[in-house]
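# Working through the structure, step by step
The lines below spell out each chain.
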Amino acid sequence: MSVTADGRTVPAPARRPGMAPTDVSNPNYFHKVVDCQWACPAHTPVPEYIRLIAEGKYSDAYMINWQSNVFPGVLGRTCDRPCEPACRRGRVEEEPVAICRLKRVAADSKDMANVAGRMPKPAEKQNGKRIALIGAGPASMTVARDLLPLGYHVTIYDQDPFAGGMMRTQIPKFRLPETVLDEECNYILDLKPETKFGEKITSLKSLLAQNYDAIFVGCGAPRGRDLEIPGREEARANIHIGIDWLSSVSFGHTTSIGKRVVVLGGGNTAMDCCRTSRRLGGEKVDVVVRSGFEEMKASPWEKEDAMHEDIPIHNFLVPKEFKHVGGKLTGVVFEKVKAERDAKGRRNLVPTGEPDVLFECDDVLVAVGQENAFPWIERDVGIEFDKWDMPVVDQVTMQSTNPKVFFGGDAAFGPKNIIWAVAHGHEAAVSIDLLCNGEDVKVRPSPLVNLTSQKMGIHEWSYDNDVSLDLRFKVPHAPKELTLKDVSMEVELGFNRELGFKEAQRCLNCDVETVFAENLCIECDACADICPVDCITFTPNDPEPVLRTHLQAPAANLSQDLYVSHDLKTNRVMVKDEDVCVHCGLCAERCPTGAWDMKKFYLETAKAGSCHK
């Protein structure tokens with residue numbers, strides 16, 4: 001009810017329909033605003049560790065990474081960087097912050113003794129639960145790291161003699177030095193798991209019979225796809241499956257290749273194959289891809305590195321036949337194709353009708369994809385498989401239809417990358433811990449969340465909010481004339497501390513959030529006036545599709561939220577488009593009443609051991 005000027009009581013006007021006020025207490029709200037952390041499968045607190053690098057606190061930055069992604073030195077060289085396309089810096093200029101390479105700065109510049117002293121120690125006593133891990137790749141090693149300090153007896157099986165899985169067998173040493181991989185694997189092996197390296201699991205039923213409390217399958221996608229085209233059998237001696245060939249090179253079994261090499265495939269494995277071939281004697285190495293250049297699955301930087309090493313990439317060519325003379329490979333015949341769309345808009349490759357193309361060669365590396373192979377999992381152990389012969393796995397808990405068996409990494413959902421395998425390992429470890437404590441694996445523990453003001457004075461902040469105008473810095477490389485002679489010589493040199501500092505300054509601190517208190521707002525519009533990207537608007541409320549049309553700047557990205565306040569005194573609301581805000585803090589500096597504050601949001605995902613009743 002409301003009272004009129006003449007003293008009459010009348011019903012209050014109905015609230016204008018519109019968006020509900022934003023619930024900033026929901027951890028996912030500000031988490032989603034930290035685009036880089038939200039995009040990272042392991043949800044690494046990216047801006048926090050970048051600020052620490054800028055402050056010269058490399059060990060602290062390393063440990064924040066280690067808590068989340070387990071392999072900072074490895075990932076600082078090899079990550080697929082899902083964080084970088086999401087980076088807010090990429091919305092104000094062409095190139096995002098070099099997040100991945102800054103991770104390497106922390107790894108390369110840390111104090112090793114300091115870091116070693118901060119690592120968890122082996123459990124003083126066992127909790128009586130036994131866990132088996134199949135494979136010693138990134139997913140399994142993450143599970144081991146999370147469970148061992150809690151007193152679990154963890155046994156790691158792997159057919160290879162060393163830990164690392166595909167990080168060791170499929171990533172060439174010129175991209176990932178063995179010393180870096182060994183160091184980060186040893187931090188986990190120092191927690192004293194039982195290791196059965198060189199022992200291949202051939203029967204899941206036999207392993208289940210050993211009464212483990214849980215089994216984690218992290219064996220990767222170990223089988224490379226083949227090409228069954230004419231000439232394949234006859235020329236078999238010089239046609240190699242890419243991932244098997246890379247593994248053979250990694251362990252020193254293969255040390256040379258022919259002078260003329262054709263690599264089939266357009267993914268990162270193909271890029272590793274062609275670059276390795278150049279180092280093992282390939283003088284003329286060609287990559288041939290059935291798709292267009294832009295559609296290749298290889299990361300852009302992997303393609304750039306290959307071309308920098310004088311390796312041409314040929315597109316829209318489909319292999320038809322392996323040519324041979326008396327069983328000796330002489331070349332590959334390709335059909336020219338082009339991309340067309342059918343009546344339903346689906347893209348298809350169709351022959352152009354042009355003459356076939358012959359690439360003469362001495363060796364072929366087939367890198368056209370990987371697939372899972374589970375001949376060792378009996379079909380009567382309670383694990384359901386789908387129509388693609390993949391195990392049915394819960395995407396949150398990583399649990400199979402046999403409640404004691406969990407999957408992660410490439411073994412769970414097919415080939416992805418290391419950071420996804422780490423994320424799966426964390427979630428599986430939480431599930432195993434819940435299972436072994438008699439709790440529901442579907443009830444997931446909450447993350448650790450903090451939201452703390454950065455205010456030191458009315459116009460002073462505890463962080464550097466100046467926006468650097470520098471463009472992205474280039475990572476130095478070792479001279480090509482040296483790297484092409486040595487299969488173990490690292491190509492990328494990484495940022496030194498000076499370049500690391502300058503690149504870190506490009507971060508826009510998108511975890512320092514603009515938080516609004518409507519009870520302090522006097523609607524002077526000063527914040528809207530000073531905002532450099534026009535992301536703040538005071539307007540009558542409306543349903544979201546209409547409200548987005550009221551804003552000072554177009555709010556076209558529907559995947560990022562609008563920050564909507566409670567009703568103000570004029571019955572308007574404050575609306576901020578989180579998509580274009582650059583977190584400069586000018587609104588908070590300009591506000592005369594302190595209605596705006598800059599608060600640092602910190603989220604760390606829950607790990608095993610944080611979830612018991």
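Everything numeric in this text was worked out from a predicted model, so none of it was measured. (Residues numbered from 1 in each chain as written. Predicted model: local features only at pLDDT ≥ 70, side-chain atom pairs only at ≥ 80, totals over all residues. Heavy atoms only, no water.)

## Some remarks on the packing of helix α3 (residues 46-54) against helix α7 (residues 99-109)
For any two helices packed against each other, one specifies the inter-axial angle together with the distance between the axes. Following both chains from N to C, one finds α3 and α7 inclined at 50 degrees, their axes separated by 10 Å at the closest point. Of the possible angle classes, the one that applies to α3 and α7 is oblique. Both α3 and α7 take part in a crossing whose hand is left-handed. Residues V46, Y49, I50 and I53 of α3 form the contact with α7, whose participating residues are I99, L102, K103, V105 and A106. (Axes fitted to C-alpha atoms, helices over the stretch in contact; angles between N-to-C directions. Helix = DSSP H or I, 4+ residues; strand = E, 2+ residues; numbered from the N terminus. Parallel < 35°, antiparallel > 145°, perpendicular 65-115°, else oblique. Left-handed = near helix turned anticlockwise from the far one by under 90°. Contact = heavy atoms within 4.5 Å.)

## Describing the pattern of salt bridges
Two side chains carrying opposite charge are able to pair once their charged atoms lie near each other. Summed over the entire model, instances satisfying the criterion amount to 53 salt bridges. As a salt-bridge pair, R77 and D108 come within 3.2 Å of each other at their nearest N and O atoms. Pair noted here: R77 is in helix α5 (residues 72-78) and D108 is in helix α7, with a separation of 31 residues, a long-range link. The exposure class assigned to R77 is buried, which follows from its relative accessible area of 8%. Taking relative accessible area as the criterion, D108 reaches 40% and is therefore assigned partly exposed. Note that R77 and E490 form a salt bridge whose closest N and O atoms lie 2.7 Å from each other. You can see R77 sitting in helix α5 and its partner E490 sitting in the loop between α18 (480-483) and α19 (497-504), a full 413 residues away along the chain. Of the two residues, R77 and E490, neither departs from the other in class, the shared state being buried. Among the charged side chains, a network of salt bridges with common partners joins D35, R88, R91 and D579. (Salt bridge = Lys/Arg side-chain N within 4 Å of Asp/Glu carboxyl O. Buried < 20%, exposed > 50% of the residue type's maximum accessible area, 1.4 Å probe, protein only.)

## What about the side chain of N65?
Here N65 lies in helix α4 (residues 58-69). Sequence-distant contacts of N65, that is, excluding residues within four places in its chain, are made with T44, Y49, V70, P72 and K103.

## Points about the domain arrangement of the protein
Each assigned domain of the protein is listed here: domain 1 (44-118 + 471-504), domain 2 (130-222 + 372-436) and domain 3 (226-362). Listed by partner, the interface residues are 11 residues for domain 1 and 13 residues for domain 3. Here domain 1 and domain 3 share an interface that buries about 980 Å² over both sides, 52% of which is from carbon and sulfur atoms. Contact with domain 3 buries area across many residues of domain 1, yet K480, L484 and V487 alone supply 53% of it, more than any other trio. The interface formed by domain 1 and domain 3 includes 1 salt bridge. Here D310 makes a salt bridge to K480, at a shortest N to O gap of 3.2 Å. Inspection of the domain 1/domain 3 interface yields 5 residue pairs in polar contact (both at pLDDT 80 or more). Of the residues belonging to the side of domain 1 that touches domain 3, the class tally is 4 nonpolar, 2 polar and 5 charged. (Domains from an automatic or database assignment. Buried area = accessible area lost by both parts, 1.4 Å probe. Polar contact = N/O pair within 3.5 Å; in protein donor to acceptor, adjacent residues only side chain to side chain. Nonpolar A, V, L, I, M, F, W, Y, C, P; charged D, E, K, R; others polar.)

## Comments concerning the packing of aromatic side chains
One pass over the structure, following the stated rule, counts 8 aromatic pairs. Of the aromatic side chains, those joined through ring pairs into one cluster are Y29, F30, Y563 and F601. For K110, the ring lying beneath its charged end belongs to Y62, and the centroid distance is 4.7 Å. (Phe/Tyr/Trp six-rings, centres within 6.5 Å; stacked < 30°, edge-to-face > 60°. Lys NZ or Arg CZ within 6 Å of the ring centre and 35° of its normal.)

## Notes on helix α11 (residues 178-189)
The terminal C-alpha atoms of α11, which comprises 12 residues, lie 16 Å apart, in line with the 16 Å expected from a rise of 1.5 Å per residue. Along α11, the residues classified as buried are V180, L181, E183, E184, C185, Y187 and I188. Summarising the contacts, the buried residues of α11 are in contact with α4, α5, α8 (112-118), α9 (138-147) and α10 (166-169). (Expected span 1.5 Å × (residues − 1).)

## Comments concerning the packing of helix α14 (residues 268-279) against helix α15 (residues 300-308)
Where α14 contacts α15, the two axes come as close as 10 Å, and the packing angle between them is 20 degrees. With respect to α15, the element α14 is oriented roughly parallel. Where α14 crosses over α15, the two elements pack in a sense that is left-handed. Of α15, the residues touching α14 (which contributes N268, M271, C274 and R275) are E302, K303, D305 and A306.

## Things to note about the state of the cysteines
All told, the structure shown has 0 disulfides when counted by the stated rule. Among the cysteines around C507, which has no disulfide bond, C510 carries the closest sulfur, lying 6.1 Å off. (Disulfide = S-S within 2.5 Å.)

## So, the sheet that holds strand β22 (residues 512-516)
Read from one edge of the open sheet, 3 strands run β19-β26-β22, paired in antiparallel fashion. Pairing within the sheet leaves two strands with one partner each, and these edge strands are β19 (448-453) and β22. Across this sheet, the average inter-strand angle for adjacent strands is 35 degrees, counted without regard to direction. Of the pairings in the sheet, the one linking β19 to strand β26 (residues 596-604) comprises 6 bridges and is antiparallel in character. Its bridge partner lying in β26, N450 is registered against Y602. (Pairing = 2+ DSSP bridges.)

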